[in-house]
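Survey of secondary and tertiary structure
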Amino acid sequence: MDGFLGTKAPLVSDLSLLLSLVLGLAAVVGGVYGHRRRLVRHCPVMAVSAFMNWLPVLLVMIPMWLDLAAGTAQVRSDLSTVVPLFHGVLGGVIQLLLTYTVVRMVWLKQLPPRKTTWLMRIAMGLWLLALLGGVGVYLALYVF
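Keep in mind that this is a model prediction, so the values were computed, not measured. Throughout, a residue's number is its position along its own chain's written sequence, starting from 1. Where totals are concerned, whole chains, interfaces and linings use all residues; where local detail is concerned, this predicted model gives features only for residues with pLDDT of at least 70, and gives and counts side-chain atom pairs only at 80 or more. The side-chain figures draw on all heavy atoms in the structure; neither hydrogens nor water molecules are used.

Notes on the side chain of Thr116
Only runs of H or I of at least four residues qualify as helices and only runs of E of at least two qualify as strands under DSSP, and these elements are numbered from the N terminus. Following the sequence through the fold, Thr116 ends up in the loop between helix 4 (79–106) and helix 5 (117–142). The exposure class of Thr116 is buried, given its relative accessible area of 12%. Thr116 has contacts with Arg104 and Met105, leaving out every residue within four places of it along the chain. With a 1.4 Å probe rolled over the protein chains alone, any residue whose accessible area is under 20% of its type maximum counts as buried; one over 50% counts as exposed, and the rest are partly exposed. Two residues qualify as a contact provided that any one of their heavy atoms is within 4.5 Å of a heavy atom in the partner residue.

Next comes the structure, spelled out in structure tokens:
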């Protein structure tokens, strides 16, 4: 037990989980701001949350995913490796969609789509699904 959550997870995985949950909560708050048309608060909260989400992705998740894909990770070799691999592919696509959405909304407004509400809602919904999947990955790798 290297981490502080009382599981078999290393410290970086515990930190990654907590940061991801905090950013997910911030995104929900940002989504509520958007729903209430408080765009002055919505835009920065969502942009910061989406870009900060790259930290755990790049520093913890991608290295673990590469270790799992290469078979060098020190975890069980059953469903607990298939779930993170699937989550990594799906989560990577979702993170790219989040980044595109923020770049499109903040800086490059000429990019498609012209009506962006559906893009933001899809990105947010998928992000929350990926967050739940990430919690599942943490549980599969370090708890069960």
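Let's pick the thread back up.
Here we look at the nonpolar core
Formed by Leu23, Ala27, Met46, Ala47, Ala50, Ile94, Leu98, Val102, Ala123, Met124, Trp127 and Ala130, the largest nonpolar core amounts to 12 residues. Those elements that provide at least two residues to this core are helix 1 (11–35), helix 2 (39–52), helix 4 and helix 5. Take this core: its biggest share by element is four residues, from helix 5. If we ignore the near neighbours within four places in the chain, the residues touching Ala123 are Leu97, Leu98 and Thr101. As used here, the term nonpolar core means buried Ala, Val, Leu, Ile, Met, Phe, Trp, Tyr and Cys residues forming a set that is joined through side-chain atoms within 4.5 Å. Within the second largest apolar cluster, six residues are counted, among which are Ala9, Leu17, Tyr138 and Tyr142.

Observations regarding the packing of helix 1 against helix 2
Here helix 1 crosses helix 2 at 155°, and the two axes come no closer than 8 Å. With respect to each other, helix 1 and helix 2 are oriented roughly antiparallel. The way helix 1 lies across helix 2 gives a crossing that is left-handed. Contacts from Leu23, Ala26, Ala27, Gly30, Gly31, Tyr33 and Gly34 in helix 1 reach Leu39, Arg41, His42, Val45, Met46, Ser49 and Met52 in helix 2. Its residues assigned to classes, the contact of helix 1 with helix 2 comprises eight nonpolar, five polar and one charged. Angles shown run from 0 to 180 degrees and are taken between the N-to-C directions of axes, each axis being a line fitted to C-alpha atoms and, for helices, limited to the stretch in contact. Any angle that falls under 35 degrees is termed roughly parallel, while one over 145 is termed roughly antiparallel, one within 65 to 115 roughly perpendicular, and all others oblique. Note on convention: the crossing is left-handed when the near helix lies turned anticlockwise from the far helix by less than a right angle, right-handed when the turn is clockwise. When residues are sorted by character, Ala, Val, Leu, Ile, Met, Phe, Trp, Tyr, Cys and Pro go into the nonpolar class, Asp, Glu, Lys and Arg into the charged class, and all the rest, Gly among them, into the polar class.

A look at the confidence of the model for the protein
Confidence in the prediction of the protein, expressed as mean pLDDT, is 86, and 93% of residues score 70 or more. When pLDDT is averaged over each helix and strand of the protein, the minimum, 83, is found for helix 4 and the maximum, 92, for helix 1. A score from 0 to 100, pLDDT tells how confident the predictor is in each residue.

Points about the packing of aromatic side chains
Two aromatic rings, drawn from Phe, Tyr or Trp (for Trp, its six-membered ring), form a pair once their centres lie within 6.5 Å of each other, and the interplanar angle then sorts them: stacked below 30 degrees, edge-to-face above 60, tilted otherwise. Summed over the entire model, instances satisfying the criterion amount to two aromatic pairs. Centroid distance Phe51 to Trp107: 6.0 Å. Interplanar angle 45°. Geometry classified as tilted. Linking Phe51 in helix 2 with Trp107 in the loop between helix 4 and helix 5, this pair joins segments that are 56 residues apart in sequence.

Structural notes on the environment of Lys115
Structurally, Lys115 is set in the loop between helix 4 and helix 5. Taking C-alpha positions, Lys115 is 16 Å from Leu97, a pair spaced 18 residues apart along the chain.

So, the packing of helix 1 against helix 3 (residues 54–70)
It is the contact of helix 1 with helix 3, at a shortest axis distance of 10 Å, that shows an interaxial angle of 155°. Of the possible angle classes, the one that applies to helix 1 and helix 3 is roughly antiparallel. Regarding helix 1 and helix 3, the two cross each other, and that crossing is left-handed. Together, Val12, Ser13, Ser16, Leu19 and Ser20 of helix 1 and Leu55, Pro56, Val60 and Met61 of helix 3 make up the contact between the two elements. Across the contact of helix 1 with helix 3, the residue classes tally to six nonpolar, three polar and no charged.

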